[in-house]
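Here is what each chain is made of, one letter per residue.
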Amino acid sequence: MTLNLRTLLFIGIFFTAFSQTSTAQFQGIRWTPDGKAYLSSNREAILRTDVVSGRETPLVTKEQLTPPGSGKPLEIASFAFSPDSSTVLVFTNTARVWRYNSRGDYYLLNRKTNQLRQIGKSQPSQSLLYAKLSPDGTKVAYVSRNNLFVEDVASGQTTPLTTDGTRKRINGTFDWAYEEEFGCRDGFRWSPDSKQIAYWQIDASAIRDYLMLNTTDSIYSRVIPVEYPKVGESPSPARVGVVQATGGETRWLAVPGDPQQHYLVQMEWFPTGNDLIIEQLNRKQNQSLLFVAQPSTGTITPIHRETSTTWIEAHAGTPGGWPWLEGGKSFIWVSEKDGWRHLYQVSRDGKKTVLLTPGSYDIAGISAIDERNRYIYFIASPINPTQRYLFRTRMDGKGKLERISPVNQVGTHTYDIAPGGQFAMHSFNSHQTPPASNWIRLADHQVLRAAASRRAPNIQTPRNMEFFTVTTADGVTLDGWMRKPANFDSTKKYPVVFYVYGEPASTTTNDVFSAGYNNLFEGDMAKAGYCYVALDNRGTPTLKGTAWRKAIYRQIGRINVRDQAMGAKKLFEQRSYLDTSRVAVWGWSGGGSTTLHLLFQYPEIYKTGISIAAVGNQLFYDNIYQERYMGLPQENREDFVAGSPITYAKNLRGNLLYIHGTGDDNVHYSNAEVLIDELVKHNKQFQVMPYPNRTHSISEGEGTSQHLRTLYTNYLLEHCPPGAR
């Protein structure tokens, strides 16, 4: 349903730029400050590699990373150097928190003395989260068991900054909903002078637990509680506090408004001084307010306000930190207020705003800011929304676009640009071109040397792939792709399988090499004799303007479903080789919900459906996601009912395979049970496969992935037989 899961379930390449702030120290390419080299690890050592020559220089050896008394070095999950490079913080022995391996153990290596010691050694193993060095390199802060600690690098002395943390009083990190829907995980920030820490505290005490049940790991079942605010429930109150790094009382910032009716989604220190900037979204997420906070005086000043008749995206397109300019006198802001996603330069006091990217196109994300030469780099695709290219424009507000990506490489480009903008890691792929990466000189896009390529699906080219648009009877033009069968003969009839998502969290028609590839099908769908198709309906987050993306507001389960069905009907009219008696559809998460809708609302079109981890009733999902796109059920409950698959289950006529993990903390298994109950009530015959204790990804446990592929493939082969007729 959300950003995190679509990166798991949508096979493609998604580019997100980030700023090099405290929250990003364990992400992306670790460029050296001069931008001429990068740092990497090979699990047991840390290397410096020159961009131009590729020459590797060991910075930390496996001998240095072998703890005393241990016969083997630490396995490096991630690392970060102090500003003077004298010490390195190593993340190892990791464990998963919901979706990512974000907790584990940390070690600090003194490169001058070769002393290696564990940080937070008195805490339970694998319990530390988001440890990071202070800007001056003298301290390390971390979260353990929902409390915040600081440890002195020289002496090892530990100071608890909070002591009230519990399962539902969360200091320095976030609850389930904030993490899943806002991408908020690392919940504390060092001040620039290393003397203070600002942090979030989430009070989930009033949030009811969803009780998952583990029935397989012992002879008695075990209850697993997850604090989970369902749609219609008030958010967990959040507040921001500032505490001295030496300990003491926390000074809580008096952010205006009822904390049960808003979210605090961003907070960063200004690059100089001791002020903070905070973004607040109201509960409906249709108003964004920016505040400047002065912790020393308690002053909170609103500087920027934005409203929408639908919703406003959290983080304004810049997850991971604030893109400061002029040493903090201004910053870059992303807004859709003129109908397109554009970049603005906003002054510190909010009184001056300059549009940097005027025009009828969307930016997809910021790639780099070259303030010295007054250029901002970003990903966009003004002509074809299924593709992605690097552009830049001067930061003078005149907005002249300059394309950086080569014109002969048509498809999807991603870039990780070095400080100073001289070099970059460039990756390119398309539906006909396997992913490949190179180190380049950005000024002329000259390839310096090859880099490790992304692993591509085992698909031979050419692949008989077609990208197209189709205009429905409603006058809506949809992007789509189709992979045709091997040895295709247009005079014959072929079954068609639609891959769908359809909600505001993801697209399916990007021009990437994985387009047309179905990782759940055993074998090759083209060789088997299927036409494989994807369409992107209104409401999907493609680069077609705000009106396209926000058309789905309060209409999930209706407008998106109609677009998909009308697109399929138009394809059948235009392409006589599509066999309308053999039509299948499948999807996962939001795509699973769309699959159910299509099977129930348009049974005359879709004869077979495979739905995985679907929301059967919108009132069962979390408040942040569902209220963002649907409003509050207290005000328009009828939209939630009309948008839920369970409402139409009585219309099932075709073949349904429903799949769900009983340990799904995201889309709870109760969605499956209420849907099953409704189908039983109407004597609708179907098949169901519960995967015990598996999460939303249904990937845990020996043999699970292979079992799922076999189940999926056999069902499709039986109920939507392949091959020409």
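Now for a quick tour of the structure. Bear in mind the structure is a predicted one, so any value in this text is a computation, not a measurement. (Residues numbered from 1 in each chain as written. Predicted model: local features only at pLDDT ≥ 70, side-chain atom pairs only at ≥ 80, totals over all residues. Heavy atoms only, no water.)

**Thoughts on the overall build of the protein**
Here is step 1: Scanning the protein for helices and strands turns up ten helices and 43 strands.
Here is step 2: For a compact globule of 725 residues, the expected C-alpha radius of gyration is about 27 Å, and the protein comes in at 26 Å, within 12% of that figure.
Here is step 3: Oriented by its inertia axes, the alpha-carbon framework of the protein measures out at about 75 × 60 × 60 Å.
Here is step 4: Across the 725 residues in the protein, those meeting the buried criterion constitute 60%.
Here is step 5: Of the contacts formed within the protein by residues at least 6 apart in sequence, a portion of 59% connects residues at least 24 apart. (Helix = DSSP H or I, 4+ residues; strand = E, 2+ residues; numbered from the N terminus. Rg over C-alpha atoms; globule rule 2.2 N^0.38 Å. Buried < 20%, exposed > 50% of the residue type's maximum accessible area, 1.4 Å probe, protein only. Contact = heavy atoms within 4.5 Å.)

**Quick word on the nonpolar core**
Across soluble globular proteins, nonpolar side chains show a tendency to be buried alongside one another.
Here is step 1: Tyr-178, Phe-182, Leu-253, Leu-264, Met-267, Leu-276 and Ile-278 are the most contacted members of the largest nonpolar core, which totals 50 residues.
Here is step 2: Looking at which element gives the most residues to this core, the answer is strand β20 (residues 262–269), with five residues.
Here is step 3: By size, the runner-up hydrophobic cluster in this structure holds 41 residues, among which are Ala-565, Tyr-577, Ala-614 and Leu-656. (Core = buried A, V, L, I, M, F, W, Y, C linked by side-chain atoms within 4.5 Å.)

**Section: the sheet that holds strand β30 (residues 389–394)**
Here is step 1: Here we have four strands laid out as an open sheet, ordered β28-β29-β30-β31, and antiparallel in their pairing. Single-partner strands in this sheet number two, and they are β28 (363–370) and β31 (402–403).
Here is step 2: Sheet topology note: the strand β29 (residues 375–380)/β30 ladder contains six bridges and is antiparallel. Residue pairing in the sheet places Ile-379 in a bridge with Leu-390 of β30. (Pairing = 2+ DSSP bridges.)

**Some remarks on unusual backbone geometry**
Here is step 1: With phi around 55 degrees, Glu-326 is a residue other than glycine that occupies positive phi space.
Here is step 2: Within the secondary structure layout, Glu-326 lies in the loop between β24 (324–325) and β25 (330–335).
Here is step 3: What makes Glu-326 partly exposed here is its relative accessible area of 40%.
Here is step 4: Positive phi values are uncommon outside glycine, yet Asn-487 reaches one of about 55 degrees.
Here is step 5: What makes Asn-487 exposed here is its relative accessible area of 75%.

**A word on the pattern of salt bridges**
Here is step 1: Counted according to the given criterion, the structure contains 31 salt bridges.
Here is step 2: Note that Glu-180 is salt-bridged to Arg-99, the shortest N-O span being 2.8 Å. Here the residue Glu-180 occupies a position in helix α2 (residues 176–182), and Arg-99 occupies one in the loop between β6 (87–97) and β7 (100–110), the gap between them amounting to 81 residues. The exposure classification of Glu-180 matches that of Arg-99, with both residues buried.
Here is step 3: In this structure, Lys-550 engages Glu-336 in a salt bridge whose closest nitrogen and oxygen atoms are separated by 3.6 Å. Linking Lys-550 in helix α4 (residues 546–550) with Glu-336 in the loop between β25 and β26 (342–347), this pair joins segments that are 214 residues apart in sequence. (Salt bridge = Lys/Arg side-chain N within 4 Å of Asp/Glu carboxyl O.)

**Brief notes about the sheet that holds strand β40 (residues 578–588)**
Here is step 1: Read from one edge to the other, the open sheet built from eight strands follows the order β36-β37-β39-β38-β40-β41-β42-β43, with strand pairing classed as mixed. Where the open sheet ends on each side, the last strands, each with one partner, are β36 (465–471) and β43 (687–691). When strand polarity is set aside, the average angle formed by the axes of neighbouring strands in this sheet is 20 degrees.
Here is step 2: Pairing geometry for strand β41 (residues 608–612) and strand β42 (residues 655–661), over five bridges, is parallel. Of the residues in β42, the one forming a bridge with Gly-609 is Leu-656. (Axes fitted to C-alpha atoms, helices over the stretch in contact; angles between N-to-C directions.)

**Describing the side chain of Asn-214**
Here is step 1: Secondary-structure assignment places Asn-214 in strand β16 (residues 209–214).
Here is step 2: With relative accessibility at 6%, the residue Asn-214 sits in the buried group.
Here is step 3: Within the structure, the side chain of Asn-214 is placed 2.8 Å from the side chain of Asp-217, a separation counted as a polar contact.
Here is step 4: When residues no more than four places from it in sequence are discounted, the contact partners of Asn-214 are Tyr-220, Ser-221, Arg-222, Ile-224 and Asn-693. (Polar contact = N/O pair within 3.5 Å; in protein donor to acceptor, adjacent residues only side chain to side chain.)

**Comments concerning the packing of helix α5 (residues 559–574) against helix α6 (residues 590–601)**
Here is step 1: Interhelical geometry of α5 versus α6 gives an angle of 65 degrees and a closest axis separation of 10 Å. On the basis of their axis angle, the class for α5 and α6 is roughly perpendicular. Between α5 and α6 the crossing geometry is right-handed. Where α5 approaches α6, its residues Asn-560, Val-561, Gln-564 and Ala-565 are matched on the opposing element by Thr-594, His-597, Leu-598 and Gln-601.
Here is step 2: A per-class count over the contact of α5 with α6 returns three nonpolar, five polar and no charged. (Parallel < 35°, antiparallel > 145°, perpendicular 65-115°, else oblique. Left-handed = near helix turned anticlockwise from the far one by under 90°. Nonpolar A, V, L, I, M, F, W, Y, C, P; charged D, E, K, R; others polar.)

**What to know about the environment of Ala-293**
Here is step 1: Among the structural elements, Ala-293 can be located in strand β22 (residues 287–294).
Here is step 2: Note on Ala-293: relative accessible area 0%, which makes it buried.
Here is step 3: A C-alpha to C-alpha distance of 41 Å links Ala-293 and Glu-75, two positions 218 residues apart in sequence.
Here is step 4: If we skip the residues at most four places from it in the chain, Ala-293 touches Leu-253, Asp-275, Leu-276, Ile-278, Thr-299 and Ile-300.

**Some details on the packing of aromatic side chains**
Here a ring pair, both rings aromatic, is described through the centre-centre distance and the interplanar angle of the planes.
Here is step 1: For the coordinates displayed, the defined rule picks out 33 aromatic pairs.
Here is step 2: Taking 6.2 Å as the distance between ring centres and 40 degrees as the angle between the ring planes, the aromatic pair formed by Trp-311 and Tyr-553 counts as tilted. Taken together, the residues span a long stretch of sequence, with Trp-311 in the loop between β23 (299–307) and β24 and Tyr-553 in the loop between α4 and α5 at a distance of 242 residues.
Here is step 3: For Trp-311, a relative accessible area of 2% corresponds to the buried category.
Here is step 4: Both rings, one in Trp-322 and one in Trp-324, keep their centres 6.1 Å apart while their planes meet at 25 degrees; by these two values the pair is stacked. For the residue pair Trp-322 and Trp-324, the accessibility class agrees, reading buried in each case.
Here is step 5: Counting every residue linked through ring pairs, the aromatic cluster contains Phe-174, Tyr-178, Phe-182, Trp-200 and Tyr-263.
Here is step 6: One Lys or Arg, Lys-132, reaches over the ring of Phe-188 and ends 3.3 Å from the middle of that ring. (Phe/Tyr/Trp six-rings, centres within 6.5 Å; stacked < 30°, edge-to-face > 60°. Lys NZ or Arg CZ within 6 Å of the ring centre and 35° of its normal.)

**Examining the packing of helix α7 (residues 623–630) against helix α8 (residues 633–642)**
Here is step 1: Look at α7 against α8: their axes get within 11 Å of each other, and the N-to-C directions meet at 80 degrees. By the angle between their axes, α7 is roughly perpendicular relative to α8. Two secondary-structure elements touch here, α7 through Gln-626, Glu-627 and Met-630 and α8 through Pro-633, Asn-636, Asp-639 and Phe-640.
Here is step 2: A breakdown of the residues in the contact of α7 with α8 according to their chemical character gives three nonpolar, two polar and two charged.

**Remarks on the side chain of Thr-310**
Here is step 1: Note that Thr-310 resides in the loop between β23 and β24.
Here is step 2: For Thr-310, a relative accessible area of 10% gives the class buried.
Here is step 3: Apart from the residues lying within four places of it in its own chain, the contact partners of Thr-310 are Lys-284, Asn-286, Lys-550 and Tyr-553.

**Let's talk about helix α10 (residues 704–719)**
Here is step 1: With 16 residues, α10 extends 23 Å between its outermost C-alpha atoms, agreeing within 8% with the 22 Å of an ideal straight helix rising 1.5 Å per residue.
Here is step 2: Considered for burial, the residues of α10 that qualify are Thr-704, Leu-708, Leu-711, Tyr-712, Thr-713, Tyr-715 and Leu-716.
Here is step 3: Where the residues of α10 are buried, they touch β38 (494–499), α3 (525–528), β40, β41, β42 and β43. (Expected span 1.5 Å × (residues − 1).)

**Points about the environment of Val-150**
Here is step 1: Along the chain, Val-150 falls in strand β11 (residues 147–152).
Here is step 2: Apart from the residues lying within four places of it in its own chain, the contact partners of Val-150 are Lys-139, Val-140, Ala-141, Gln-157, Thr-158, Thr-159, Leu-161, Trp-190, Ile-197 and Ala-245.

**Some points on a nonpolar patch on the surface**
Here is step 1: Together, Leu-211, Leu-213 and Val-223 line one region of the surface with nonpolar side chains, adding up to about 270 Å² of accessible area.
Here is step 2: Considering the arrangement of structural elements, one finds Val-223 in strand β17 (residues 222–227). (Patch = residues over 30% accessible without salt bridge, like charges linked within 9 Å, V, L, I, M, F, W, Y side chains within 5 Å. Areas by Shrake-Rupley, 256 points an atom, 1.4 Å probe, with all protein chains shown as cover.)

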